[in-house]
Amino acid sequence: HGARRSCFSRGYAHTFRFVRGAERGRWRAARGVALVAVDAARCPGVAQFEPACVQREVTKATVGLAAVQRAAGGTPLVRSGGAEAGVWGSEGFSGGQPVLRVLLQLLGAAHAGVRLRLRLPSDLPAKWFSGVLAEVKGARPSAAALQALLSAEGLQRRERMAADVPAFASYVIKSLRA
């Protein structure tokens, strides 16, 4: 039982590629690991902010993380370190907004009652993610309010928000402060 790293890779879908093999003996089998794969919606550009797309992604994240929790015996995954995830859906599939993807996963974790540890992309400055996450922690919006913010009508008309991480992060921070 468990998982053992056999290689390192990058990308998703058509950008997926092998980087290097894992070092022998360095990686040990992990016990009690549950792996769940969740697809990301292909909602390019501002379509990713449409309420139906946001709801679909939150529902998928919730169901996937609830499955991980069930596999862990129903515990809230606190003692075991919680669930881990990358920023799903932000590389392949027409490049979803990475800050949006993080917030969608956090909403899913909140609905599923799961502690989530995110692995952020190394090619983007962590300050945008940490700034948004600090603001969410400080403002403590309800799940419904945060989901409404992510599918606001204004976002659906601003193409720049779809790919510009600093612009979208600033939008979220300002909206939570209002």
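Residues numbered from 1 in each chain as written. Predicted model: local features only at pLDDT ≥ 70, side-chain atom pairs only at ≥ 80, totals over all residues. Heavy atoms only, no water.

## Some remarks on the pattern of salt bridges
Put simply, the rule reads: In the sections that follow, a salt bridge refers to a side-chain nitrogen of Lys or Arg positioned within 4 Å of a carboxyl oxygen of Asp or Glu. For the exposure calls, accessible area comes from a 1.4 Å probe over protein chains only, and a residue counts as buried if that area is under 20% of its type's maximum, exposed if over 50%, partly exposed in between.
For the structure shown, the criterion picks out 6 salt bridges. Two residues, Arg157 and Glu153, come together in a salt bridge whose shortest N-O distance is 3.6 Å. A single burial state applies to Arg157 and to Glu153, both of which are exposed.

## Digging into helix H5 (residues 165-177)
The criterion, for reference: Helix and strand assignments follow DSSP, with helices taken as H or I runs no shorter than four residues and strands as E runs no shorter than two, numbered in order from the N terminus. Here a helix's expected span is defined as the number of its residues, less one, multiplied by 1.5 Å. It only takes one pair of heavy atoms within 4.5 Å for two residues to be counted as in contact. Under the rule applied, a polar contact is a pair of N or O atoms within 3.5 Å (in protein, one hydrogen donor and one hydrogen acceptor; residues adjacent in sequence only if both atoms are side-chain atoms).
With 13 residues, H5 extends 18 Å from end C-alpha to end C-alpha; this agrees with the ideal 18 Å at 1.5 Å per step. Taken together, the buried positions of H5 are Val165, Ala167, Phe168, Ala169, Tyr171, Val172, Ile173 and Leu176. Buried residues along H5 sit against helix H2 (98-112), helix H3 (126-139) and helix H4 (143-150). For H5, the side-chain oxygen to backbone nitrogen distance between the N-cap and Ala167 is 3.1 Å, and the N-cap itself is Asp164.

## As for the nonpolar core
For the record, the criterion: Here, the term nonpolar core denotes a set of buried Ala, Val, Leu, Ile, Met, Phe, Trp, Tyr and Cys residues that are joined through side-chain atoms within 4.5 Å.
Grouped together as the largest cluster of nonpolar side chains are 38 residues, with contacts concentrated most on Phe49, Val99, Leu103, Val132, Leu150, Phe168 and Val172. At the level of elements, helix H1 (51-71), strand E3 (83-86), H2, strand E4 (116-119), H3, H4 and H5 are the ones that each hand at least two residues to this core. Sequence-distant contacts of Val172, that is, excluding residues within four places in its chain, are made with Leu103, Val132 and Leu149.

## A word on H1
Between the first and last C-alpha of H1 there are 30 Å, a value that for 21 residues agrees with the 30 Å anticipated at 1.5 Å per step. Within H1, the full set of buried residues consists of Cys53, Val54, Glu57, Val58, Lys60, Ala61, Thr62, Gly64, Leu65, Ala66, Val68 and Gln69. The elements touched by buried residues of H1 are E3, H2, E4 and H4.

## Remarks on unusual backbone geometry
With a phi close to 50°, Arg140 is a non-glycine residue in the positive phi region. Mapped onto the elements of the fold, Arg140 is located in the loop between H3 and H4. For Arg140, a relative accessible area of 67% translates into the label exposed.

## Here's the deal with the environment of Leu120
Take Leu120: it is sitting in the loop between E4 and H3. Sequence-wise, Leu120 and Trp88 are 32 residues apart; in three dimensions their C-alpha atoms are separated by 9.8 Å. Beyond its immediate stretch of four places on either side in the chain, Leu120 contacts Val87, Val102 and Phe129.

## Describing the packing of H2 against H5
Two measures define how a pair of helices packs: the angle their axes make with one another and the distance between the axes. Here is the rule: Helix axes use the C-alpha atoms of the stretch in contact, all axes being lines fitted to C-alpha atoms, and the angles between their N-to-C directions lie in the range 0 to 180 degrees. Roughly parallel means an angle under 35 degrees; roughly antiparallel means over 145; roughly perpendicular covers 65 to 115; every other angle is labelled oblique. Residues are grouped as follows: Ala, Val, Leu, Ile, Met, Phe, Trp, Tyr, Cys and Pro are nonpolar; Asp, Glu, Lys and Arg are charged; every other residue, Gly included, is polar.
At a closest axis distance of 8 Å, the pairing of H2 and H5 adopts a crossing angle of 45°. If you check the angle between H2 and H5, you find them oblique. Residues Pro98, Val99, Leu100 and Leu103 of H2 form the contact with H5, whose participating residues are Val165, Phe168, Ala169 and Val172. Among the residues forming the contact of H2 with H5, the class breakdown is 8 nonpolar, no polar and no charged.

## Some words on the layout of surface pockets
Using the following cut-off: For each structure, a 1 Å grid was placed over the protein atoms alone; sets of points admitting a 1.4 Å probe that cannot get out are labelled cavities, open sets with protein on both sides within 12 Å along at least five of seven lines are labelled pockets, and lining residues have an atom within 4 Å of a point. Grid points are joined across faces, edges and corners, and a volume is the space filled by probe spheres set on the points.
Estimates place the volume of the second largest pocket at around 360 Å³. Taken together, 15 residues line the second largest pocket, and the ones lying closest to its centre are Leu106, Ala110, Val136, Lys137 and Leu146. Residue contributions to the lining of the second largest pocket peak at 4 residues, all from H2. Residues of the lining of the second largest pocket, tallied by class, amount to 11 nonpolar, 1 polar and 3 charged.

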